[in-house]
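Inside the fold
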6 protein chains.
Amino acid sequence: MAKVVNAQIVKNLPWEDRKEGDFLPVWRYSKNPIIKRNVNRTVERTFNSGFVPFGDEFVGVFRGDTYTGIYKLFVGRSKDALNFTLEEEPIHFVDKNGNPLPDTRFSYDPRVVLLEGSYYIIFADYFADVTICIAKTDDFKTFTKLEYPFLPNCRNGALFPRKINGKYMILARPSDNASSLFGNIFISESYDMEYWGHHRLIARNNWANWNGVKCGGGPIPIETDEGWLVFTHGVLFNCNNLVYSMGAMLLDRDDPTKVLYNCENFLLTPQELYETTGHTPNVVFPTNVLVGENGKLAIYYGSADCYTCLAFSTVDIIIDYIKEHDCLSK
Amino acid sequence: MAKVVNAQIVKNLPWEDRKEGDFLPVWRYSKNPIIKRNVNRTVERTFNSGFVPFGDEFVGVFRGDTYTGIYKLFVGRSKDALNFTLEEEPIHFVDKNGNPLPDTRFSYDPRVVLLEGSYYIIFADYFADVTICIAKTDDFKTFTKLEYPFLPNCRNGALFPRKINGKYMILARPSDNASSLFGNIFISESYDMEYWGHHRLIARNNWANWNGVKCGGGPIPIETDEGWLVFTHGVLFNCNNLVYSMGAMLLDRDDPTKVLYNCENFLLTPQELYETTGHTPNVVFPTNVLVGENGKLAIYYGSADCYTCLAFSTVDIIIDYIKEHDCLSK
Amino acid sequence: MAKVVNAQIVKNLPWEDRKEGDFLPVWRYSKNPIIKRNVNRTVERTFNSGFVPFGDEFVGVFRGDTYTGIYKLFVGRSKDALNFTLEEEPIHFVDKNGNPLPDTRFSYDPRVVLLEGSYYIIFADYFADVTICIAKTDDFKTFTKLEYPFLPNCRNGALFPRKINGKYMILARPSDNASSLFGNIFISESYDMEYWGHHRLIARNNWANWNGVKCGGGPIPIETDEGWLVFTHGVLFNCNNLVYSMGAMLLDRDDPTKVLYNCENFLLTPQELYETTGHTPNVVFPTNVLVGENGKLAIYYGSADCYTCLAFSTVDIIIDYIKEHDCLSK
Amino acid sequence: MAKVVNAQIVKNLPWEDRKEGDFLPVWRYSKNPIIKRNVNRTVERTFNSGFVPFGDEFVGVFRGDTYTGIYKLFVGRSKDALNFTLEEEPIHFVDKNGNPLPDTRFSYDPRVVLLEGSYYIIFADYFADVTICIAKTDDFKTFTKLEYPFLPNCRNGALFPRKINGKYMILARPSDNASSLFGNIFISESYDMEYWGHHRLIARNNWANWNGVKCGGGPIPIETDEGWLVFTHGVLFNCNNLVYSMGAMLLDRDDPTKVLYNCENFLLTPQELYETTGHTPNVVFPTNVLVGENGKLAIYYGSADCYTCLAFSTVDIIIDYIKEHDCLSK
Amino acid sequence: MAKVVNAQIVKNLPWEDRKEGDFLPVWRYSKNPIIKRNVNRTVERTFNSGFVPFGDEFVGVFRGDTYTGIYKLFVGRSKDALNFTLEEEPIHFVDKNGNPLPDTRFSYDPRVVLLEGSYYIIFADYFADVTICIAKTDDFKTFTKLEYPFLPNCRNGALFPRKINGKYMILARPSDNASSLFGNIFISESYDMEYWGHHRLIARNNWANWNGVKCGGGPIPIETDEGWLVFTHGVLFNCNNLVYSMGAMLLDRDDPTKVLYNCENFLLTPQELYETTGHTPNVVFPTNVLVGENGKLAIYYGSADCYTCLAFSTVDIIIDYIKEHDCLSK
Amino acid sequence: MAKVVNAQIVKNLPWEDRKEGDFLPVWRYSKNPIIKRNVNRTVERTFNSGFVPFGDEFVGVFRGDTYTGIYKLFVGRSKDALNFTLEEEPIHFVDKNGNPLPDTRFSYDPRVVLLEGSYYIIFADYFADVTICIAKTDDFKTFTKLEYPFLPNCRNGALFPRKINGKYMILARPSDNASSLFGNIFISESYDMEYWGHHRLIARNNWANWNGVKCGGGPIPIETDEGWLVFTHGVLFNCNNLVYSMGAMLLDRDDPTKVLYNCENFLLTPQELYETTGHTPNVVFPTNVLVGENGKLAIYYGSADCYTCLAFSTVDIIIDYIKEHDCLSK
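1. Details of the overall build of chain A
Secondary structure summary: chain A contains two helices and 21 strands in total. In terms of C-alpha radius of gyration, chain A reaches 18 Å, essentially the compact-globule figure of 20 Å for 330 residues. For chain A, the spread of C-alpha atoms along the three principal axes comes to 55 × 45 × 40 Å. Taking all 330 residues of chain A together, the buried fraction comes to 70%. Sequence separation of 24 or more characterises 53% of the internal contacts of chain A that already satisfy a separation of 6 or more. If you sum the accessible surface of chain A, you get close to 11,000 Å²; carbon and sulfur atoms cover 46% of it. One finds the centroid of the 33 positive side-chain charges in chain A at a distance of 2 Å from the centroid of its 40 negative side-chain charges.

2. Topic: the interface of chain F and chain A
Counting residues at the interface gives 34 residues for chain F, matched by 34 residues for chain A. Both sides together, the interface formed by chain F and chain A hides about 2,600 Å², and carbon and sulfur atoms give 58% of it. Of all residues in chain F, the largest losses of buried area upon contact with chain A belong to F:Leu151, F:Tyr195 and F:His199, amounting jointly to 29% of the total for that side. Joining chain F to chain A, the criterion identifies two salt bridges. Counting every contact that joins chain F to chain A gives 11 residue pairs in polar contact (both at pLDDT 80 or more). Contributions of two or more residues to the side of chain F that touches chain A are made by strand 7 (118–127), strand 11 (168–174), strand 12 (185–190) and strand 13 (195–203) of chain F.

3. Re the relation of the copies chain F and chain A
Mapping chain F onto chain A calls for a rotation angle of 180° and an axial translation of 0.0 Å; the resulting RMSD is 0.0 Å. Interpreted geometrically, this transformation is the action of a two-fold axis. Residue by residue, 100% of the interface of chain F is reproduced at the interface of chain A, so both copies engage with the same surface.

4. A word on the relation of the copies chain E and chain C
Overlaying chain E with chain C gives an RMSD of 0.0 Å, the required rotation being 180° about an axis along which the chain moves by 0.0 Å. In this assembly the copies share their binding face: 100% of the residues contributing to the interface of chain E also contribute to that of chain C.

5. Considering the side chain of C:Asn153
Relative to the assigned elements, C:Asn153 resides in the loop between strand 9 (144–145) and strand 10 (154–159). Those residues in contact with C:Asn153, other than ones at most four positions away along the chain, are C:Asp129, C:Val130, C:Pro174, C:Ser175, C:Asp176, C:Asn177 and E:Phe182.

6. Considering the interface of chain E and chain C
How big an interface is tends to be stated in terms of accessible area lost as the parts join. Taken together, the contacts link 34 residues of chain E with 34 residues of chain C. The junction of chain E with chain C conceals about 2,600 Å² of combined surface from both sides, 58% of it contributed by carbon and sulfur atoms. Inspection of the chain E/chain C interface yields two salt bridges. The shortest N-O distance in the salt bridge between E:Arg200 and C:Glu147 comes to 2.9 Å. On inspection of chain E and its partner chain C, the count reaches 11 residue pairs in polar contact (both at pLDDT 80 or more). Of all the elements in the fold, those that place two or more residues in the side of chain E that touches chain C are strand 7 (118–127), strand 11 (168–174), strand 12 (185–190) and strand 13 (195–203) of chain E. When residues of the side of chain E that touches chain C are assigned to their parent elements, the largest contribution, seven residues, is made by strand 13 of chain E. The residue makeup of the side of chain E that touches chain C, split by class, is 17 nonpolar, nine polar and eight charged. Sheet topology note: the strand 13 (residues 195–203) of chain C/strand 13 of chain E ladder contains three bridges and is antiparallel. The residue of strand 13 of chain E that forms the bridge with C:Trp196 is E:Trp196.

7. Examining the pairing of strand 19 (residues 284–291) of chain B
All names here are of chain B. Counted residue by residue, strand 19 has eight buried out of eight residues, so it is predominantly covered. As judged from the seven bridges shared by strand 19 and strand 20 (residues 296–303), these two strands associate in the antiparallel manner. Considered in strand 20, the bridge of Phe285 is made with Gly302. Hairpin connection of strand 19 to strand 20: four residues between the antiparallel strands, including Asn294 at a positive phi of 60°.

8. So, helix 2 (residues 315–324) of chain F
Taken as a whole, helix 2 of chain F has its buried residues at F:Val315, F:Asp316, F:Ile318, F:Ile319, F:Tyr321 and F:Ile322. In this structure, the buried side of helix 2 of chain F is in contact with strand 15 (222–224), strand 16 (227–237), strand 17 (242–251), strand 18 (259–262), strand 20 (296–303) and strand 21 (307–314) of chain F.

9. Here we look at the sheet that holds strand 20 (residues 296–303) of chain C
All names here are of chain C. Read across the sheet, four strands follow the order 1-21-20-19 without closing on themselves; strand pairing throughout is antiparallel. The open sheet is flanked by strand 1 (27–28) and strand 19 (284–291), the only strands paired with a single partner. Alignment of strand 1 against strand 21 (residues 307–314), held across two bridges, turns out to be antiparallel. When the sheet's bridge partners are listed, Trp27 is paired in strand 21 with Phe312. Along the sheet, helix 2 (residues 315–324) makes contact with strand 1, strand 20 and strand 21, crossing strand 21 at roughly 80°.

10. Describing the arrangement of the chains
Across all C-alpha pairs, the smallest distance from chain B to chain E is 19 Å, and the two are not in contact. Of all C-alpha pairs spanning chain C and chain F, none lies closer than 19 Å, and the two are not in contact.

11. Side note on unusual backbone geometry
With an omega of -10°, the peptide bond running from C:Asn32 to C:Pro33 counts as cis. With respect to the helices, strands and loops of the structure, C:Pro33 is situated in the loop between strand 1 and strand 2 (43–54). With an omega dihedral of 5°, the bond running from E:Pro152 to E:Asn153 counts as a cis peptide bond. Its identity is not glycine, yet A:Asp109 carries a phi of approximately 55°, on the positive side. Along the chain, A:Asp109 turns up in strand 6 (residues 107–115). We classify A:Asp109 as buried; its relative accessible area is 8%.

12. A look at the environment of C:Glu264
Its location among the elements puts C:Glu264 in the loop between strand 18 (259–262) and helix 1 (273–276). Along the sequence, C:Glu264 and C:Ile317 sit 53 residues apart, while their C-alpha atoms lie 15 Å from each other. Among residues more than four places away in sequence, those in contact with C:Glu264 are B:Tyr67, B:Thr68, C:Asn209, C:Trp210, C:His325, C:Cys327 and C:Lys330.

13. Let's talk about the pattern of salt bridges
Residue and element names in this part refer to chain E. Tallying each qualifying case throughout the model produces 108 salt bridges over all chains. Residue Arg77 pairs with Glu87 through a salt bridge whose shortest N-O separation is 3.2 Å. Placement of the pair is Arg77 in strand 4 (residues 71–78) and Glu87 in the loop between strand 5 (84–86) and strand 6 (107–115), with a sequence separation of 10 residues. Residue classification places Arg77 among the partly exposed residues on the basis of a relative accessible area of 25%. The partly exposed category is assigned to Glu87, whose relative accessible area is 33%.

14. Describing the side chain of B:Glu275
Residue and element names in this part refer to chain B. Looking at where Glu275 falls in the secondary structure, it is placed in helix 1 (residues 273–276). Relative accessible area serves as the criterion here: at 0%, Glu275 is assigned to the buried category. Among the polar contacts made by the side chain of Glu275, one reaches the side chain of Tyr301 at a distance of 2.6 Å. When residues no more than four places from it in sequence are discounted, the contact partners of Glu275 are Arg28, Leu268, Thr269, Pro270, Pro281, Asn282, Val283, Val284, Tyr301, Ser303 and Ala304.

15. Things to note about the sheet that holds strand 19 (residues 284–291) of chain D
All names here are of chain D. As summarised here, the arrangement of the four strands in space is 1-21-20-19, forming an open sheet in which the pairing is antiparallel. Strand pairing shows two members of the sheet lacking a second neighbour, strand 1 (27–28) and strand 19, which therefore form its edges. Sheet topology note: the strand 20 (residues 296–303)/strand 21 (residues 307–314) ladder contains eight bridges and is antiparallel. Across the sheet, the residue bridging to Ser303 is Tyr307, located in strand 21. Most of the contacts of helix 2 (residues 315–324) go to strand 21, to which it runs at about 80°, and overall it touches strand 1, strand 20 and strand 21.

16. Points about the pairing of strand 3 (residues 57–66) of chain A
Residue and element names in this part refer to chain A. A large share of strand 3 lies buried, amounting to 10 of its 10 residues. Burial along strand 3 is two-sided: the residues Glu57, Val59, Val61, Arg63 and Asp65 and Phe58, Gly60, Phe62, Gly64 and Thr66 are all buried. In this sheet, strand 3 lies alongside strand 2 (residues 43–54) in antiparallel orientation, the contact comprising nine bridges. By the bridge assignment for strand 3, Gly50 is matched with Val61. Direction of pairing for strand 3 relative to strand 4 (residues 71–78): antiparallel, over a ladder of eight bridges. By the bridge assignment for strand 4, Asp65 is matched with Tyr71. Connecting strand 3 to the next strand, strand 4, in antiparallel fashion are four residues, including Gly69 with a positive phi near 100°.

Rules of the game
Residues numbered from 1 in each chain as written. Chains lettered and ligands numbered in written order. Predicted model: local features only at pLDDT ≥ 70, side-chain atom pairs only at ≥ 80, totals over all residues. Heavy atoms only, no water. Helix = DSSP H or I, 4+ residues; strand = E, 2+ residues; numbered from the N terminus. Rg over C-alpha atoms; globule rule 2.2 N^0.38 Å. Buried < 20%, exposed > 50% of the residue type's maximum accessible area, 1.4 Å probe, protein only. Contact = heavy atoms within 4.5 Å. Areas by Shrake-Rupley, 256 points an atom, 1.4 Å probe, with all protein chains shown as cover. Lys, Arg positive; Asp, Glu negative; His and termini not counted. Charge placed at Lys NZ, Arg CZ, Asp CG, Glu CD. Buried area = accessible area lost by both parts, 1.4 Å probe. Salt bridge = Lys/Arg side-chain N within 4 Å of Asp/Glu carboxyl O. Polar contact = N/O pair within 3.5 Å; in protein donor to acceptor, adjacent residues only side chain to side chain. Least-squares fit on C-alpha atoms with pLDDT ≥ 70 in both. Nonpolar A, V, L, I, M, F, W, Y, C, P; charged D, E, K, R; others polar. Pairing = 2+ DSSP bridges. Axes fitted to C-alpha atoms, helices over the stretch in contact; angles between N-to-C directions.

See the structure below:
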């Protein structure tokens, strides 16, 4: 039995049991989507976001696609991790001295992690072209932008929740300046979150499979006694469109540049109307996971670039499934 | 309070009030779509069309996509502006001498306007490539093609319903010979509807916004005491497809080449299944507006290149919203 | 009244009568789709497949898109031609000597035909690039691959169910090595199923129509006393995506290189949510037909690269419709 | 024998006789190119330009590609039509009231014509996208921009040197906003050079031939007693690049919308190193013709977007060749 | 020492010795190109052609790109294999009964082989799309088209000069309907030149090398006691254009589907101005070889889709080079 | 008068004076190209390379495009910086422990710099996709690969020849995984050449100019008392191909992230046949500069991806020209 380690265990985790006879490793919340369109007077759609337990509620940073069509970041709050309220004013960042920074053209797809007592937001930002940005907050009111870890173009950054061997580690998916038809997962490390190096490739896209053109990181990695559980997204291109699915792999706990198992199967692929239709059809894109007791997982994912959705599993089920369908051992 | 001027006020305008708590400027008809598929033995789908009060009914010209896949124009009629009957034989045009013209390869997206006692149809026609055609009818039986106002490639023409300063005025969206990934709105003028000139650019596409790749005119402009209310469409390109939304702007009443306000927000974007799915997913495309009493507006739009749909608003709500979200003053 | 000739007449053919007032030549089964997603522990989706009466049941070869995203062939069985069970292990082919062949990268879109006492599977296989493969079985347990009839790239092969003038005949749609934006139907012949020649073009794609970019063969041709009834698929490209519809034509019974009638209209186009949404939106793709008494036809088609669906018609209705809408006589 | 009518006959026309045995209708100047690179301190390359006899010299407007890479218009002068001096400061236009206009992003490919006592410059200008601009000068010092005759995108305008039936006439090649892979020749008319209409298509590109993707107008049409002699350019696309060649046709003298003959053969195609290599390889692009005595023609063309070149022929040779190789009569 | 077998040995073979110090396996004729532009009154360029000793001269079939831009086939003759005269009228084919066939849109890149006492022409022809055609002549006056061996799209056919194991064999390079960015070499066989089968892949394009996107057959294979010597072309795509080079491989004499050696190096790549510039820059494309005494080879190749060129080598030098740089043994 | 600082002054610098009347800031060596094709038995072309004074000769690392078409790195030597000899065996790198590393798929475009007593090679290497690699050597015999400074995709790295404020600095041009049609220059810094950060954008491509689609760094920056002189390349895309030119800018000596002047004009653009024709037409690509006395510069550049060429200037002329044509002050 795999055990989650070092995680913030959420007591009131949203939960539904798997249905009798369902043999799939991840199952959807019956009331999906949990956040629908027309969120408030500024935000038409919110999805691909991250949040954490904070005091007696959940607080996070949300991608909000506004009525102008552009995407920015907004603070959102929830009591139950099911019903959320988003602020109507986007986040305005400050620099290390607390001085206001000019807003960039866009920001999107934030992940949030508690690391050494502060909260870090990792998101796609506009720095000449799109690249990963890391920002820091203690109160979800003041957000300080740190140095860009990478040159553009880069997306889907996910910081590990603790230093490993004295170094911060981050996942990244380099891309081009448009909707890249390629994408691999790299891992990089840093002593100070200012200078990054020791880049390693840990997963490639896989011709003709569900991750045929791209694979990229998703939520913050989850530490277990069997290794780091990393949920990913993969993309295939069929003759009509891209399809985004959810995958997973397991990295070595002490050296995450070593991939122990990489699941050949997707865990979840667009099947429901709220996943197959909308602004960008056929997108399942996980960006946040809450961990409950007994390894219960509440997996939050964006669907169709429209909705925030929820699915469930347990660490055991996922890790067993990854091992059973490991493609490294073939 | 903005007042509609010079309009044919429709007494029995289809109408539903906005729902309590709905803060959006345009709201959908609860029984959408009003025209579904398999319209008759010739036409599989009708949408992006124009019609006007005519005698004791409504008569118009409809884009009909037939069972062969090609698109032609058909006369359609309705008693209530909700239930329509389309003819099964497409319109065959005559020249100025009343002689039959050969059918062109296709015709589509007609707008209809009463102007100086006659009805003008403005539509996309095949003249070497696609371009705007103007035709004239008094009885919706005989349709006379006038000179093409522009060289190809051009689409989305909308004639103003009266001469301004002695000149006819028309909106146009120049394009290329395919599904252009660009599009701006121009206005041109003519003394005689034969020779056109004094072309002016009035709106550009707007990077990364809902009208990121194209913006174009929609229904016939509506004259108000605050200016010409122009509904538009805008198009963005995400990584999977194009999304067509509805927008609006306000032009100077005496000189429509002057844009008073241009709404930064879309007014309506594909959200319902009849808009997000179908022949061309994610299309909301307004082409006709009926004006009722007290500034009530019945806005007809095509959805997904499949259906004819209806939405409501009032001149006041729209103009306030345009002013509140004006992007020219930023 | 057209009569089906030489067909295996299915007694317990699934059937529903056409609805009162429905003027369309093909009508859908009310309980579509008949095979939904998550088919079994290996196959997520099955569609575009072929099967035949075999003993007291129906047996066939099914395209199965697995949880890895790749597509392979699986044996499937049914008692009623409505409920199917697929094997979880894909078919592994042998050569003419019965020796196992290595699995190819992928195989898809099989058709199945009884010919001279054996069952032939015609499908898209990987031979340097995609090309048509013919395999043979007597028991649906051992499948022997024959010589590839054509150089790549080629798809949508359909063998005729008997020799004509002493020669086997096959339909094929040459393509390129990707999602070709072109496609025409050719017919080729062979004395021995090893060497093929006398290639003839019988149908071309038709600009701006429902088969504007591609047309290709579908199920095994059905012999009638009026000629060979050939169901086809056609593809158009609109500004947002490809749309796959079903068509039909009638070939000369003694010389199928002669097209007697080619229907200008499609017979079925994506309209239902299970056709307009899914893995590949807007796909109706017929690959199998069962023939009942009195010319009743149960037409099986894949929808949205997701589901196996069923529609009905009769030989009479179809042939009348083809003649009424013939494009060759125009 | 065809006779040039209404032309400015140039006495000191540059000239070389055709070589013995040369059967081609146009022959190159032996000292080509007449203007090489590094023209002056502003202009690196000049080509695709127009000029006329003016006083005792030749004056014209030249496309100058500067050391920044951008293309602007410059006044150029020559005593002998072989050696030219270009100004180092680009032309700055004024409006009808003589007020300076802001420079546009670029201007290129000017033609110059004497019409009703003034000189008109027709060139590609930036108006939202590229479109044809007409400017007027009497002294080649002050240049007044007139109304844009057409909506963008449009290029290769050529004004006729006199009114015909009371109307100005112009050739145009509509295009898209980039390097269009299509192009046809239209002719339009105007009473006042402000409002244009009565657009007619006079020549289409011709699949797989030298003008397979585009054809467009070139120099100012030359009036002869047999009709208007129009030199054109045509473009083919082979697997490696575009190739621009020179063609010609003959239009009815009283109604230039009627094409009398259209030459199926090109007249000149890139063969010399100064045509096949350079900034844009394989370009022969005629934009100016001087007429001498006895129908002698000095045809100036840009080569490889690098050089100004010269070729010779006579009206007789050209018109005979056009008639001999007419494609309309086939 | 490799020995040519079964070849027509040409006594007066054009020849130049390799220059002192030249270490390359193929060397150019010092007077290249041997056929320049403006070949006659119909043909502007001739290249990529085939010819054979015939009586006391050389006769062949030549690709002629005419002054209209289209490419057809012409008979050409030479006394010395250096100076050629082409007919001005293209070849018009007849069917097996001697009845004239309609001209197809285009024909190009012919190879010519003496086989069982007749001459066969293998070329790219227009049959719905481009495909390989085989025609037969005994006198180079009457040319009879045989059945198309393959479905389109296919190019670069090369028949072997004799039956092997009782079967005709041909090389082919399947392609798409445009300038394919892929291409592999297949070999197929036939008992009767009507029905073809037993297709085998013998060479693939090779990522990032000189044959990175395509490889295809060239001249008629040359039989030696060490195997069939096959000259090929390979194509790479750099950031600016395609580059066509010459390669070679050695096939098993008794079973040419077996590749004995495949040369990793190109033998000749565009270096001279007549190869790097012209209608299609950077093309070296071998299509004909004459064999002299002592294994001397006169290799004819088209350059830049403009010129007919000549290079030399010997069977020994080539075969040694192929073995030395074999990529199969790596 | 600008003065070069901290440079290795080359005594026997190749040199030619600027021609009388030549007003351009850079002039070509009259005997270009200095390295032609068929360099040795392995390398067909060498260009885009770097070398330095080493002992009594010049030694460097050269891009060699071999007869297989692939590009690798080779050691090259010269006595006079005009005549070079390249090794026939490519460089095989070792890791930090001196263990041999597997060869990567390709390596290209090396720059070489003397820094703190060792020689560093900065080149494009294959790490999942193309990225910048830094290697180190003391003897040009053993080459040790260091950590990749950046995630792919990245090219055109140029290390500064000394630490500035205690940090190594490098120029880079992020790109996509193919022939990117975008490219900007960034500067990054590192304390240890292992971890890099503080990325800053210093130059962007400039629409419609000579660097319209890309700009990137070139040779190692040259320190002067007025700032760092940085030669760059810029790329435009015309309708037929890409054109690569040479540019320059001046960076602040103490803080190179500050651009003092950026020259709006190119310094050298393809004009000579050895630049406009070849493997990749129209490429001038500077990668190495030798500094002589009195600020004399020998600028080595690759041309047409074929040749190594040489041009001259002086620090004074260049810096004056940059200032005169600075685009930052506009």
